[in-house]
Amino acid sequence: MNVTAANRQDFSTDVHLERIDADTLVIRLAGSWAQGAIIKPVEEVIRELDELSGLRRVFLQTSQLEKWDSRLPAYLLKIIDYYQAKDVEVDLSGLPEGVQGLLKLARAVPERAGDRRTVKKTSALYEFGKTVLDGLQDAKGLITFIGEAVLAFWALLQGKARFRTVDLVLCIQEAGAEALPIVTLISLLVGLILAFVGAVQLAMFGAQIYIADLVSLGTVREMGALMTAVIMSGRTGAAYAAQLGTMNVNSEIDALKTMGISPMQFLVMPRMLALALMLPLLCLYADFMGILGGALVTISVFDVSLIQYAHEARRIVHVDDFSIGLFKSLVFAVLIATAGCMRGMQCGRSASAVGNAATSAVVNSIVYIVVADSLITLICNELNI
Amino acid sequence: MIATMEKPHITVNDLTMAYGDFVIQHDLNFTIDRGDVFIIMGGSGCGKSTLLKHLIGLQRPVKGDVFYNQRNFWQASQKEQAKVMRRFGVLYQSGALFSSLTLAENIALPLGEFTRLSRSEIADIISYKLALVGLAGFQDYYPSEISGGMQKRAGLARAMALDPEILFFDEPSAGLDPVSARLLDDLIIKLKDTLGTTIVVVTHELASIFAIGTNSVFLDSDTKTMLATGNPKKLLAESKDFKIIQFLTRGEGNVNNEA
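Residues numbered from 1 in each chain as written. Chains lettered and ligands numbered in written order. Predicted model: local features only at pLDDT ≥ 70, side-chain atom pairs only at ≥ 80, totals over all residues. Heavy atoms only, no water.

What follows covers the domain arrangement of chain B. Residue and element names in this part refer to chain B. Per the domain assignment, the segments of chain B are domain 1 (8-87 + 164-248) and domain 2 (101-162). Interface area for domain 1 against domain 2, summed over the two sides, is near 930 Å², with a carbon-plus-sulfur share of 72%. Three residues, Arg-86, Pro-164 and Leu-187, lead the burial of domain 1 against domain 2; their summed loss comes to 44% of the area buried on that side. The tally of links between domain 1 and domain 2 comes to zero salt bridges. (Domains from an automatic or database assignment. Buried area = accessible area lost by both parts, 1.4 Å probe. Salt bridge = Lys/Arg side-chain N within 4 Å of Asp/Glu carboxyl O.)

This is the structure we're talking about:
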């Protein structure tokens, strides 16, 4: 008795259900099952099978099967699983030997209960709670890292810290000399921009000479330190995170630990020191570059001589202003190195984790920098420095 | 140099390992004697490498203790832990060479840190250790310039740099060709015989297990605990456990119930 038949016009394959008696069904497969074949969706077949009740045995058979690839066993596996759940015996002997072998292999190691991961639906409240807990975990990691860094620095002061001088020199070169071109470009342009922004207003009162005040003070007290810090967080902070992260992936940090060498001293200290030494120097350099950028605009566009500009700048900027800028850049250096090294050391063990570490190193250090800058500026304001 | 010469070198007591709530293995108890070649075996994903991490002090156990020379490792101060760890040599699965250093610098690092040897003495030791692992003349290569198998052997040379009391191997023969794997086995046996080094190996290479193992522990991922401990040959001959026999015979054997 022919119960149902697949629509031959639409599909390049044929799934034919044939009920032999009350408790036996034969499923016949024909046609080409290789790539490009249009197959009746297995869900539709299963829906048809649902309508047949009282089955005890099912024969899977192929006749005039042309070519087949992984789609056929995957299809059959679904049908077999469907009947297994219903305690119906499935006979595979009518299938080609290759298919039988593959199906046997696929079912050799049954799925262990609880192995499959199901995506749990979570409420907004759950997500919120998780974010808060993750944040707390993050804060804990930061505090631990700072504690370890302080201990390593203490060991350094006592002359007990272990790291290679070569590493320190290399880090200094990377964080210092090699950053000069970009720092030159950016600080020169920022000086230029400051001058233009101020000049438009000041020229209305014929007070062009005060562009020098604006640019010099702004650069020395604020922009020099801030701009170098932002550049270095993208350049060096991210590099630190990626370097240490990759070392973590390659178990190099584990190897150091089991060798009895503290990664904090050996890897983090040279990087922190290099940045803490170099960033103030870069900042000082950027200060002069910024003032120079301002001078370019003032002299060429606003009819102020270089002598006048330099004189005005010297009159308004004091050593205190330089000290504040340099102090800020020292603080920024520690923050950038902390964010970069911490993210690197906490990095997971995959390629994407290294990318995430570099990203969050930059994001964190920029946030730290801006927050620290506001605090320092507020304090300076209160103290009238 | 060696403080105590008592026989049990490492003792593991009621060790439970977990990542967060997810228990990897629980209630592990075994003893590794001085001069043993101890095999940690079991199917993939049963926690062999995690057990190794607990033994070398990289991961703190959730419960239980690890003793070295009868001293509790995880209760000791950080200074003492560092002292114990300095007597370890570890060969990581990937070699874990420092990628920014040449092979010679990699091996020189522990020597420079923990000994007072002169530069030329260190250079001599480096070429000797590299020769031992079949890499004579490769001093000035960077890890990225040599093959995976060579990296592994260089990692072994570094692990042996300080003549450690205990050598830990994480899957030493994975990625090595059969002849190199055999040479590595021979080297392990020689280290044990001549220097009395205690050796702990994570592996599922059957040929190695029977060639070098004098003691072992079998971890099972279904029950999440150890099924047996003892000499692997003896386990094969006497064990009644289906899983162990299957493992030790590549799934071909059966439990001999008459024995």
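Having seen the structure, we can now continue with the description.
According to the domain assignment, chain A contains domain 1 (2-106) and domain 2 (144-383). Distance from the C-alpha centre of domain 1 of chain A to the C-alpha centre of domain 2 of chain A: 68 Å.

Let us look at the pairing of strand 9 (residues 215-220) of chain B. All names here are of chain B. Of all six residues in strand 9, six are buried, a share of seventy percent or more. Here strand 9 shows no split at all, with Asn-215, Val-217 and Leu-219 on one side and Ser-216, Phe-218 and Asp-220 on the other all buried. Sheet topology places strand 3 (residues 37-42) next to strand 9; five bridges connect them, and they run parallel. Across the sheet, residue Met-41 finds its bridge partner in strand 9, namely Phe-218. The sheet contact formed by strand 9 and strand 10 (residues 225-229) spans four bridges and is antiparallel. Looking across to strand 10, one finds that Leu-219 is bridged to Met-226. In this antiparallel pair of consecutive strands, strand 9 and strand 10, the connection spans four residues, and Lys-224 shows a positive phi of 55°. (Buried < 20%, exposed > 50% of the residue type's maximum accessible area, 1.4 Å probe, protein only. Helix = DSSP H or I, 4+ residues; strand = E, 2+ residues; numbered from the N terminus. Pairing = 2+ DSSP bridges.)

Turning our attention to the sheet that holds strand 7 (residues 166-170) of chain B. Residues and elements named next belong to chain B. Taken together, six strands build an open sheet; the order of strands is 6-7-8-3-9-10 and the sheet is mixed. Because the sheet does not close on itself, it has two edges, and the strands there are strand 6 (88-91) and strand 10. Neighbour-to-neighbour, the strand axes of this sheet turn through a mean angle of 15°, independent of strand direction. Running at roughly 175° to strand 6, helix 5 (residues 148-159) makes contact with strand 6 and strand 7 of the sheet. (Axes fitted to C-alpha atoms, helices over the stretch in contact; angles between N-to-C directions. Contact = heavy atoms within 4.5 Å.)

Now for the sheet that holds strand 5 (residues 71-72) of chain B. All names here are of chain B. Across the sheet, four strands lie side by side as 2-1-4-5; this open sheet has antiparallel pairing. At either end of the open sheet lies a strand with only one pairing partner, and these are strand 2 (22-33) and strand 5. Pairing of strand 4 (residues 63-68) with strand 5 involves two bridges; the strand directions are antiparallel. Its bridge partner lying in strand 5, Tyr-68 is registered against Arg-71. Across the sheet, helix 1 (residues 48-55) is in contact with strand 1 (8-19), strand 2 and strand 4; its angle to strand 1 comes to roughly 120°.

The next thing to look at is unusual backbone geometry. All names here are of chain A. With phi around 65°, Asp-87 is a residue other than glycine that occupies positive phi space. One non-glycine residue, Asp-303, lies in the positive phi region at around 60°. One can find Asp-303 in the loop between helix 9 (263-302) and helix 10 (306-316). For Asp-303, a relative accessible area of 73% corresponds to the exposed category.

The next subject is the pattern of salt bridges. All names here are of chain A. A complete count under the given rule lists 23 salt bridges over all chains for this structure. Residues Arg-28 and Glu-18 are paired through a salt bridge, measuring 3.0 Å at the closest nitrogen-oxygen approach. Here Glu-18 lies in strand 2 (residues 13-21) and Arg-28 lies in strand 3 (residues 24-33), a separation of ten residues in the sequence. Classification of Arg-28 as partly exposed rests on a relative accessible area of 26%.

Right, let's get into the interface of chain B and chain A. Counting residues at the interface gives 21 residues for chain B and 16 residues for chain A. The junction of chain B with chain A conceals about 1,700 Å² of combined surface from both sides, 59% of it contributed by carbon and sulfur atoms. Summed over the three residues of chain B that lose the most area to chain A, namely Tyr-92, Phe-98 and Glu-113 of chain B, the buried surface amounts to 28% of that side. Linking chain B with chain A are one salt bridge, by the criterion used here. Measuring nitrogen to oxygen at the nearest pair gives 2.8 Å for the salt bridge that ties Glu-113 of chain B to Arg-162 of chain A. On inspection of chain B and its partner chain A, the count reaches five residue pairs in polar contact (both at pLDDT 80 or more). Counting residues per element, the side of chain B that touches chain A draws most heavily on helix 3 (residues 103-114) of chain B, which supplies five residues. A breakdown of the residues in the side of chain B that touches chain A according to their chemical character gives twelve nonpolar, three polar and six charged. (Polar contact = N/O pair within 3.5 Å; in protein donor to acceptor, adjacent residues only side chain to side chain. Nonpolar A, V, L, I, M, F, W, Y, C, P; charged D, E, K, R; others polar.)

Two numbers describe a pair of aromatic rings. These are the distance of the centres and the angle of the planes. Enumeration over the complete set of coordinates arrives at ten aromatic pairs over all chains. Ring geometry for Tyr-82 of chain A against Tyr-83 of chain A: centres 5.0 Å apart, planes inclined by 70°, an arrangement best described as edge-to-face. Assessed through its relative accessible area of 2%, Tyr-83 of chain A is described here as buried. Clustering of aromatic rings is evident, with ring pairs tying together Tyr-68, Phe-73, Trp-74, Phe-88 and Phe-168 of chain B. Over the ring of Phe-98 of chain B we find Arg-158 of chain B; its NZ or CZ atom is 4.6 Å from the centre of that ring. (Phe/Tyr/Trp six-rings, centres within 6.5 Å; stacked < 30°, edge-to-face > 60°. Lys NZ or Arg CZ within 6 Å of the ring centre and 35° of its normal.)

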